[in-house]
Amino acid sequence: MQLPISRAEPYIMHIDLNSCFATIEQCANPLLRGKPIGVAAYASPRGCIVAPSIEAKKYGVKTGMTIRDGLALCPKLIIRLPDPPKYRDVHLRFKKIFTEYSDTVIPKSIDEAIIDFSAMAGTGIDLVKIGYEIKRRLKEEISEWMTCNVGIGPNRFLAKTAASLHKPDGLDVITYKNLEEVYSKLALTDLCGINKRYEYRLNVARIFNTTQFLKADADYLKQFVFQSVHADYWYKRLRGYEIDDVNFATKSFGQMYSIKGGASTVEELEPVLYKLIEKAGRRLRRHGSVAHGIHIFTLCKDGYFWHQQRLQDVEMYTTLELYKGMWRVFSKRPQNEKIFKIGVSFYDLEPKEFVQARLFEDTDNFLRLRTLSDTVDKINDEWGEFVVRTGKMLNTEDLVVDRISFGGVKELEDLYLYNQI
């Protein structure tokens, strides 16, 4: 028996900033507005364009292209290097606006977020009106050049689909009334989560368009397409049932840095490592946790990858404790390899309140060090990152390359909790 299309009311809103990094650059510099620009990881011809502006997209410039290819399509393309502090600031600002409308705001990436209005069902709330109000507030409170797409639907999947229908600066609603009509106008790869590989598998199963995908039953999808529980997920997701509202408990805290030009000696690596540990350690402490395990990985020249992990005999909380634990693992790395990327994560977590002082250790000193660590964190949360820092972290600004990914919001959310603007 075919599962009917869900008749749930559309109380999920998906908001997607248009050409995020490039638009933020235009917001910050009015001289760039209306011009084709591309934010690229590096300024060399082979540098990857990570965000073309709306104007650049009209010339066919796409995310993932090299600068050389982008300039071939658009000779007037202006290249800008990423400015992560600006992007983090905008993310926190739009998140602050969203939380004024609902207690349930789920960032999905640096430029996307979900606002769940389900708790207000039956109150007569008008989400279309709110959507236009949010668009207006983004222009008034962030920048007049800021635009976004708003999608409204009965589940997260359809809200995101609605947000993709009329870019840029659109607002669309999908309900059980127009769902089939919307699907009839979409290709399979227009659906979030369906890439070319899945399109091929659907085609092999004689499913060539989204309407056929909707009408295929779960058993058929499982037997001929997905061969897993994902068949049931897609069967329900397409019909408007919520199956993506899953929150996973935090199991680790990590951080990764790229090192400009690479580094191999202890003298070169020590400042970077200490900054790396401090950054990840602050996130650990913000969540009131201690860690027992540590994992380190490095990426060296010619793609050589090394990693090692180890459970420690004692719990780690302060930056100094984490740093000592890190060296116990990092000392086993292959020597003299030039490292271009390094990452660390702390796992096997435990709530801080259950931690006791160690045997044969000065209890008062033990507690003082942890209190000092918490105090330094509070100062940095209040006045800015690394305002108070150790001498080991000096002169790392030119060595460590600041990166931010579209999907990486964990660090931002930790910052939002303790440093609201």
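Residues numbered from 1 in each chain as written. Predicted model: local features only at pLDDT ≥ 70, side-chain atom pairs only at ≥ 80, totals over all residues. Heavy atoms only, no water.

### Observations concerning the overall build of the protein chain
The helix and strand inventory of the protein chain stands at 15 helices and 13 strands. Sequence-distant contacts, at least 24 apart, represent 66% of the contacts inside the protein chain between residues at least 6 apart. Summed over all atoms, the accessible surface of the protein chain reaches about 21800 Å², with 53% contributed by carbon and sulfur. (Helix = DSSP H or I, 4+ residues; strand = E, 2+ residues; numbered from the N terminus. Contact = heavy atoms within 4.5 Å. Areas by Shrake-Rupley, 256 points an atom, 1.4 Å probe, with all protein chains shown as cover.)

### Comments concerning the environment of Pro334
Relative to the helices and strands, Pro334 resides in the loop between helix H13 (319-330) and strand S12 (339-351). The partly exposed category is assigned to Pro334, whose relative accessible area is 30%. Between the C-alpha atom of Pro334 and that of Trp306, which follows or precedes it by 28 residues, the distance is 8.1 Å. Look past the residues within four positions of Pro334 in its chain and what remains in contact with it is Tyr304 and Trp306. (Buried < 20%, exposed > 50% of the residue type's maximum accessible area, 1.4 Å probe, protein only.)

### Here we look at the pattern of salt bridges
Under the defined criterion, the tally for this structure stands at 20 salt bridges. The partner of Glu199 in a salt bridge is Lys196, with the nearest N and O atoms 3.6 Å apart. With Glu199 and Lys196 both in helix H8 (residues 196-204) and 3 residues apart, this pair spans about one turn of that helix. Among the ionic contacts, a cluster of salt bridges with common partners joins Glu25, Arg80, Asp83 and Lys86. (Salt bridge = Lys/Arg side-chain N within 4 Å of Asp/Glu carboxyl O.)

### Regarding the side chain of Gln312
With respect to the secondary-structure elements, Gln312 resides in strand S11 (residues 305-316). On the basis of relative accessibility, which here comes to 8%, the residue Gln312 falls in the buried class. Here Gln312 is in contact with His292, Ile294, Gly325, Arg328 and Val329, once residues within four sequence places are set aside.

### As for the pairing of strand S6 (residues 112-116)
For S6, the tally of buried residues reaches 5 of 5 residues, placing the bulk of the element in the interior. Where burial is concerned, the two faces of S6 agree: the one with Glu112, Ile114 and Asp116 and the one with Ala113 and Ile115 are both buried. For strand S1 (residues 12-17) and S6, the ladder comprises 5 bridges, and the chain directions are antiparallel. Following the sheet pairing, His14 is matched in S6 by Ile114. Direction of pairing for strand S5 (residues 105-109) relative to S6: antiparallel, over a ladder of 4 bridges. Across the sheet, the residue bridging to Val105 is Ile115, located in S6. (Pairing = 2+ DSSP bridges.)

### Quick notes on empty space enclosed by the protein
All chains considered together, the criterion is met by 1 cavity of 30 Å³ or more. A volume near 50 Å³ is recorded for the largest cavity. As for the largest cavity, its lining consists of Ser264, Thr298, Cys300, Tyr304, Trp306, Arg333, Pro334, Asn336, Glu337 and Ile339. Among the residues making up the lining of the largest cavity, the classes are represented as 5 nonpolar, 3 polar and 2 charged. (1 Å grid on protein atoms, 1.4 Å probe; cavity = no way out; pocket = protein on both sides within 12 Å on 5 of 7 lines; lining within 4 Å. Points joined across faces, edges and corners; volume = space filled by probe spheres on them. Nonpolar A, V, L, I, M, F, W, Y, C, P; charged D, E, K, R; others polar.)

### Remarks on the pairing of strand S2 (residues 37-40)
Alternating positions in S2 separate into two faces, Ile37 and Val39 on one and Gly38 and Ala40 on the other, with burial throughout. Strand direction decides the pairing type here: S2 and strand S4 (residues 78-80), joined by 3 bridges, are parallel. Bridge pairing in S4 places Val39 opposite Arg80. With 3 bridges connecting them, S2 and strand S3 (residues 49-52) associate as antiparallel partners. The residue bridging Ala40 from the neighbouring strand is Ile49, located in S3.

### With respect to the packing of helix H1 (residues 20-28) against helix H4 (residues 84-98)
Axis separation between H1 and H4 bottoms out at 10 Å; the angle between their running directions is 95 degrees. Taken together, the axes of H1 and H4 lie roughly perpendicular to each other. Facing H1, whose interface residues are Phe21, Ile24, Glu25 and Ala28, H4 presents Lys86, Tyr87 and Val90. Its residues assigned to classes, the contact of H1 with H4 shows 5 nonpolar, no polar and 2 charged. (Axes fitted to C-alpha atoms, helices over the stretch in contact; angles between N-to-C directions. Parallel < 35°, antiparallel > 145°, perpendicular 65-115°, else oblique.)

### Quick look at the sheet that holds S2
The strand order across the open sheet built from 3 strands is S3-S2-S4, with neighbouring strands paired in mixed fashion. Of all strands in the sheet, those bounded by a partner on one side alone are S3 and S4. This sheet shows a mean twist of 30 degrees between the axes of neighbouring strands, independent of strand direction.

### Topic: helix H12 (residues 266-286)
The end-to-end C-alpha distance of H12, which contains 21 residues, comes to 29 Å, matching closely the 30 Å that a straight helix rising 1.5 Å per residue would cover. Most of H12 is tucked away: 17 of the 21 residues are buried. Downstream of H12 by a residue or two, Gly288 has a phi angle that is positive, lying close to 65 degrees. (Expected span 1.5 Å × (residues − 1).)

### So, the environment of Ile54
Within the fold, Ile54 resides in helix H2 (residues 54-57). Owing to a relative accessible area of 24%, Ile54 belongs among the partly exposed residues under this scheme. Leave out the neighbours within four places in its chain, and Ile54 touches Asn18, Ser19, Thr147 and Pro168.

### Digging into the nonpolar core
As a rule of thumb, nonpolar side chains are buried together in soluble globular proteins. Ranked by internal contacts, the top residues of the largest apolar core, which has 33 residues, are Met13, Phe98 and Ile134. Of all elements in the fold, only S1, H1, S2, H4, S6, helix H5 (127-141) and strand S7 (148-153) reach the threshold of two or more residues within this core. Residue contacts for Met13: discarding those within four places in its chain leaves Ala113, Ile114, Ile115, Phe117, Leu127, Ile130, Gly131, Ile134, Val150, Gly151, Ile152 and Ala159. Formed by 28 residues, the second largest nonpolar core is a distinct cluster that contains Leu276, Ile296, Phe330 and Ile342. (Core = buried A, V, L, I, M, F, W, Y, C linked by side-chain atoms within 4.5 Å.)

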